[in-house]
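Listed below, chain by chain, are the residues.
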Amino acid sequence: MTDREAMFRGPAEIYDRFIGRYSPRLADAMCEAAQVRPGQRVLDVGCGSGALVAALAEVLGAENVTGVDPSEPFVEATSTRVPGARVLVGSGESLPFADGEFDATLSQLVVNFLADPERGLGQMSRVTRPGGVVAGCVWDYGGEMTMLRTFWDAAAALDPERTAPLMEAHTMRFARPEELGALWRSAGLAEVEVSPIVVEASYDDFEDLWSPFPTGVGPAGAYVASLDPDSQALLHDEYARRLGQPEGPFTLSARAWCAVGRVAD
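Residues numbered from 1 in each chain as written. Predicted model: local features only at pLDDT ≥ 70, side-chain atom pairs only at ≥ 80, totals over all residues. Heavy atoms only, no water.

Re the pairing of strand 4 (residues 102-108)
The side chains of a regular strand alternate between the sheet's two faces. Of all seven residues making up strand 4, seven are buried, and the element is well covered by its neighbours. Note that strand 1 (residues 42-45) and strand 4 share three bridges and pair parallel. Its bridge partner being in strand 4, Val42 is matched across the sheet by Ala104. As paired elements, strand 4 and strand 5 (residues 128-139) share six bridges and run parallel to each other. Among the inter-strand pairings, Thr105 is bridged to a residue of strand 5, identified as Val134. The handedness of the strand 4 to strand 5 crossover, carried by helix 6 (residues 117-126), is right-handed. (Buried < 20%, exposed > 50% of the residue type's maximum accessible area, 1.4 Å probe, protein only. Helix = DSSP H or I, 4+ residues; strand = E, 2+ residues; numbered from the N terminus. Pairing = 2+ DSSP bridges. Right-handed = clockwise from strand over helix to strand, strands pointing away.)

Some thoughts on the packing of helix 3 (residues 23-33) against helix 4 (residues 51-60)
Contact pair helix 3 / helix 4: the axes reach a minimum separation of 8 Å and the direction vectors enclose 50 degrees. If you check the angle between helix 3 and helix 4, you find them oblique. The hand of the helix 3/helix 4 crossing is right-handed. Contacts from Ser23, Pro24, Ala27, Asp28, Met30 and Cys31 of helix 3 reach helix 4 at Ala51, Leu52, Ala55 and Leu56. Looking at the contact of helix 3 with helix 4 residue by residue, the classes come out as eight nonpolar, one polar and one charged. (Axes fitted to C-alpha atoms, helices over the stretch in contact; angles between N-to-C directions. Parallel < 35°, antiparallel > 145°, perpendicular 65-115°, else oblique. Left-handed = near helix turned anticlockwise from the far one by under 90°. Contact = heavy atoms within 4.5 Å. Nonpolar A, V, L, I, M, F, W, Y, C, P; charged D, E, K, R; others polar.)

With respect to helix 10 (residues 177-186)
For helix 10, the set of buried residues is Leu180, Gly181, Leu183 and Trp184. Buried residues along helix 10 cover an arc of 155 degrees about the axis, so they all sit on one side. Projecting away from the buried face of helix 10 at angles above 90 degrees are the exposed residues Glu178 and Ser186. In the core, the buried residues of helix 10 are packed alongside helix 6, strand 5, strand 6 (190-203) and strand 7 (250-262). Phi turns positive one or two residues past the end of helix 10, at Gly188, with a value near 80 degrees. (Arc of directions from axis to C-beta.)

Focus: the pattern of salt bridges
Where side chains of opposite charge bring their charged atoms close, a pairing between them can arise. A complete count under the given rule lists 14 salt bridges for this structure. As a salt-bridge pair, Asp99 and Arg126 come within 2.7 Å of each other at their nearest N and O atoms. One end of the pair, Asp99, is in the loop between strand 3 (86-89) and strand 4; the other, Arg126, is in helix 6, and 27 residues separate them in sequence. Residue Arg126 is classed as partly exposed on the basis of its relative accessible area, which comes to 26%. The shortest N-O distance in the salt bridge between Glu179 and Arg176 comes to 3.6 Å. The class for Glu179 is partly exposed, based on a relative accessible area of 22%. Among the residues examined, Arg176 registers a relative accessible area of 44% and is labelled partly exposed. Three or more residues are tied together by salt bridges with common partners; here these are Arg41, Asp103 and Arg129. (Salt bridge = Lys/Arg side-chain N within 4 Å of Asp/Glu carboxyl O.)

Shape descriptors only; they carry no functional weight alone.
Here you go:
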């Protein structure tokens, strides 16, 4: 298991309290960007805890939606969330489906975590019929993904040498529109367009935001989990300070870049 895979092997409910808060609204926007319509069969690659599968099922009916993810806990969570959908354990780089099996293939916040994203996108194109849509999105880590950008700004202020190699703005590929578009074109997809999606998530208070971090979910959580209690407390306070010391409910905005292309006829 790679380090990145280990970050997402925990219970799905922890992910849902972390990045998963943004997922339902992002999933709705992905469906619209990919022009998902009734009568289609659609695949979600890296389905996670099932937000996009659920959104697709609302449009298509669960029986027309397939999800695949390498994490068994996530596959179980998605199967529970959308009982009629077909959900399998599998790798994005080796999709267990026939050529042209789907009218569209979507991937939400996944391509930057693939060990071989070029191969993964080639697989997504292979299983999509000619003329079908392949769409995916990646957070704008270095820009308007407020939750993660502010977290890493706080961490870097306290621990600059150690955090510099870990910050997602530096380590994550495809977080800029031109790079994401180039990945889509490298798979031979046509009519490629990249556009922003902006969503929000709500929190009861700062502790509601902070509580998933020490569990180790995602790169930011893995960093927090590696700290001793005193260092965690310092980071907790610096993060809160940079967000304006919220004492009650608040919201944070997040921008993702979304690429959409069509499989050549």
